[in-house]
Amino acid sequence: MKTIHLFLAGLLFPLAAMPTAAGEGASKPNVLLIMADDLRDYGGAFTRDVVKTPNLDRLRARGTTFERAYVQYPVCNPSRCSMMAGLRAEQTGIVNNTDLLRSKMPGIVTLPQLCKDAGWQAHAFGKIYHLGGGKDAAEKAKWADVGRSWHSARDYRATRTGGKLIEGRNVTGGELDWCAWGAADGGDDDQPDGQIAAATVAMIGQLGDKPWFIGCGFMKPHDPFIAPKKYFDLYPPDSLKPWRDPADLTPAPPQAVGFGAYAEAFAKLNDQDWRELFRAYCAGTSFMDAQLGRVLDALDKHRLWDKTLVIVVGDHGYHTGERKWWNKNTLFERSCRAPLIIAAPGMKGGQVSRSLVEFVDLYPTVADFCGLEMPHAAAGKSLRPVLEDPAAAIKDAAFTLVARGPKLHGRSVRSARWRFTLWSDGQTELYDHDRDPEENHNVAKANPEVVAALGEKLKSVPPYEPGR
Ligand SMILES: [Ca+2]
């Protein structure tokens, strides 16, 4: 009996796993959108050689790693709104952490909402949208877009034990209150990310065969740089070398990086301060990675890999000392490029793609795999061709915007070789990634034809209209 059963399963399985054309509706894969906050990209040597991320490595073996994936705005709320709307920040009009998506786009059908309205169970844990609203429950629900995007959404806090720090300090002497690290007492579940993993795992078990869209939004490695002490113990205090800019670094325009109170505080940091910050960022990354592992274990346990589209994404990149900057919100590669791994049903694992992709491509990708029509004109394109062939290109440029108040903004375009940034005050930056992957030398003056061509390319995306 058992033999026949297995034989039949073997026969039926390939048929069930065959891709269906969009709109036929025969296949409703689950969608697991896992986000990390402020995680810089791990496509390069950073995580392979420096940070211990066995579970990101495990997912890489199952999926396709995108080594050139770019956010449309390198700050939490604008990036997440862009991703969830499938539209550029120029189109959403959201360029800060204070504007609510629905205040600018009341009728937008968000990515989870697209699935939810088509019959998927949709639940969010932790930070998928920017967590605004303070302590007011009704305001928080608005920020989480409960009822529209999700059937339910929850955020989490550290327990009293997890709030106790065994070691730690603010490396700016309190000048920047967020710039603190701490090796916490207690275990993983005393921190929000442990609880987010536990809740995600429980929901996966509870939903069974109903199609679902789960948002699992980890809070780390975002500041404050706190993780259970065991993750700090992975990195002996003197084992990590902080970044040093080269002596011949071209100074950037003042609005590009290194501005305000942050820069004043960073200028006072010594090597020891940088080392402690970097160690804490690595500890937070390994902590987040361990929680990711618990969620991947649940996919193993319930045998869901063949019917789940798994996306792991960061919300933007992060400077860990490059140009004496410890943060995001710049138009440099370190801030615009972010992690992206996709493991899709029917697609090969262990693939690495150098194709240029943008985070606005996620919405049409999910719509494609779920067999759903885009509810509005997409700013991006489905990544299916790249998942089928990692050498395939779906676009020749990726675009990122930053605003510096109502009167100044910058737009940046990344091509296969170059990054070109044009500020609204006319200043330009050009970096040659073939020769200068860390963007240390602005070569705009020496390459007027490239500047002209990429300046023209910037006109292919909708204009930014401040205050819209
Ligand atoms: Ca963020």
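Residues numbered from 1 in each chain as written. Predicted model: local features only at pLDDT ≥ 70, side-chain atom pairs only at ≥ 80, totals over all residues.

A. Examining the overall build of the protein more closely. Looking only at helices and strands, the protein has 16 helices and 19 strands in total. What you see for the protein is a C-alpha radius of gyration of 22 Å, in line with the 23 Å of a compact globule of 468 residues. If one aligns the C-alpha atoms of the protein with their principal axes, the spans along those axes are about 75 × 55 × 45 Å. The buried share among the 468 residues of the protein stands at 48%. For the protein, long-range pairs separated by at least 24 residues make up 71% of all intrachain contacts whose partners lie at least 6 apart in sequence. (Helix = DSSP H or I, 4+ residues; strand = E, 2+ residues; numbered from the N terminus. Rg over C-alpha atoms; globule rule 2.2 N^0.38 Å. Buried ≥ 20, exposed ≤ 12 C-beta atoms within 10 Å, placed from the backbone. Contact = placed C-beta atoms within 7 Å.)

B. Spatial organisation of the packing of helix 3 (residues 54–62) against helix 12 (residues 271–301). Running from N to C, helix 3 and helix 12 point in directions that differ by 45°, and their axes come no closer than 7 Å. When the interaxial angle is binned, helix 3 and helix 12 end up oblique. Every residue of helix 12 that contacts helix 3 at Pro54, Asn55, Leu56, Arg58 and Leu59 is listed here: Asp289, Ala290, Leu292, Gly293 and Leu296. When its residues are assigned to classes, the contact of helix 3 with helix 12 shows six nonpolar, two polar and two charged. (Axes fitted to C-alpha atoms, helices over the stretch in contact; angles between N-to-C directions. Parallel < 35°, antiparallel > 145°, perpendicular 65-115°, else oblique. Nonpolar A, V, L, I, M, F, W, Y, C, P; charged D, E, K, R; others polar.)

C. The arrangement of helix 4 (residues 76–85) in detail. Taken across its ten residues, helix 4 has ten buried, putting it largely inside the fold. Among all positions of helix 4, only Cys76, Asn77, Pro78, Ser79, Arg80, Cys81, Ser82, Met83, Met84 and Ala85 are buried. Residues of helix 4 that are buried sit in contact with helix 5 (89–92), helix 6 (101–104), helix 7 (111–117) and helix 14 (362–370). Of the residues flanking the end of helix 4, it is glycine 86, one or two places downstream, whose phi is positive at about 70°.

D. The sheet that holds strand 4 (residues 121–126), seen in detail. Read across the sheet, eight strands follow the order 5-4-8-1-10-13-2-14 without closing on themselves; strand pairing throughout is mixed. Both edges of this open sheet fall to strand 5 (152–154) and strand 14 (351–353), since each of them pairs with a single strand only. Here the strands of the sheet are splayed against their neighbours by 15° on average, with no regard to which way each runs. Sheet topology places strand 4 next to strand 8 (residues 212–221); six bridges connect them, and they run parallel. Counterpart to alanine 124 in the pairing with strand 8 is glycine 215. Together, strand 4, strand 5 and strand 8 form the strand contacts of helix 9 (residues 192–207), whose direction differs from that of strand 8 by roughly 170°. (Pairing = 2+ DSSP bridges.)

E. Structural view of the pairing of strand 1 (residues 30–37). Counted residue by residue, strand 1 has eight buried out of eight residues, so it is predominantly covered. Alternating residues of strand 1 divide into Asn30, Leu32, Ile34 and Ala36 and Val31, Leu33, Met35 and Asp37, and every residue in both groups is buried. Where strand 1 meets strand 10 (residues 308–314), seven bridges bridge the pair, whose relative direction is parallel. Paired with asparagine 30 across the strands is threonine 308, a residue of strand 10.

F. Spatial organisation of the sheet that holds strand 19 (residues 428–432). Ordered in space as 16-17-18-19, the four strands form an open sheet in which the pairing is antiparallel. Whereas interior strands pair on both sides, the edge strands pair on one side only; in this sheet they are strand 16 (398–403) and strand 19. This sheet shows a mean twist of 15° between the axes of neighbouring strands, independent of strand direction. Examined bridge by bridge, strand 16 and strand 17 (residues 409–414) share six bridges and lie antiparallel to one another. Within the sheet, the bridge partner assigned to phenylalanine 399 lies in strand 17 and is valine 413. The sheet contacts of helix 16 (residues 448–458) involve strand 17, strand 18 (418–423) and strand 19, and relative to strand 18 the element is tilted by about 70°.

G. Region of interest: the nonpolar core. Among the nonpolar cores identified, the biggest contains 121 residues, and Ile34, Leu277, Ile311 and Val366 are the most heavily contacted of them. By residue number, the principal contributor to this core is helix 12, which donates 14 residues. With residues up to four places along the chain from it excluded, the contact list for isoleucine 34 reads Cys216, Leu292, Val295, Ile311 and Val312. (Core = buried A, V, L, I, M, F, W, Y, C linked by C-beta atoms within 7 Å.)

H. A look at the environment of aspartate 245. Within the secondary structure, aspartate 245 is located in the loop between helix 10 (229–232) and helix 11 (260–267). On a C-alpha basis, the gap between aspartate 245 and glycine 321 in space is 8.3 Å, while along the polypeptide they are 76 residues apart. For aspartate 245, the contacting residues outside a window of four places in its chain are Glu322, Arg323, Lys324 and Asn440.

I. Highlighting the pairing of strand 7 (residues 180–184). Where burial is concerned, most of strand 7 is hidden: four out of the five residues are buried. In the sheet, strand 6 (residues 165–170) pairs with strand 7 via five bridges, with the strands oriented antiparallel. Counterpart to leucine 165 in the pairing with strand 7 is alanine 184. Judged from the four bridges that link them, strand 7 and strand 9 (residues 225–228) form a sheet pairing that is parallel.

J. Representation of unusual backbone geometry. Cis geometry is adopted by the peptide bond preceding proline 221, which originates at lysine 220 and carries an omega value of 10°. With respect to the helices and strands, the residue proline 221 is situated in strand 8. The omega torsion of the bond from aspartate 223 to proline 224 falls at -10°, within 30 degrees of zero and hence cis. Structurally, proline 224 can be placed in the loop between strand 8 and strand 9. Even without being a glycine, arginine 303 presents a positive backbone phi close to 50°. Mapped onto the fold, arginine 303 is located in the loop between helix 12 and strand 10. Its 9 C-beta neighbours within 10 Å are what place arginine 303 among the exposed residues. Positive phi is not limited to glycine here, since asparagine 329 has a value of about 65°. With respect to the element layout, asparagine 329 can be found in the loop between strand 12 (326–327) and helix 13 (333–336).

Interpretation in functional terms is not warranted from these geometric data alone.
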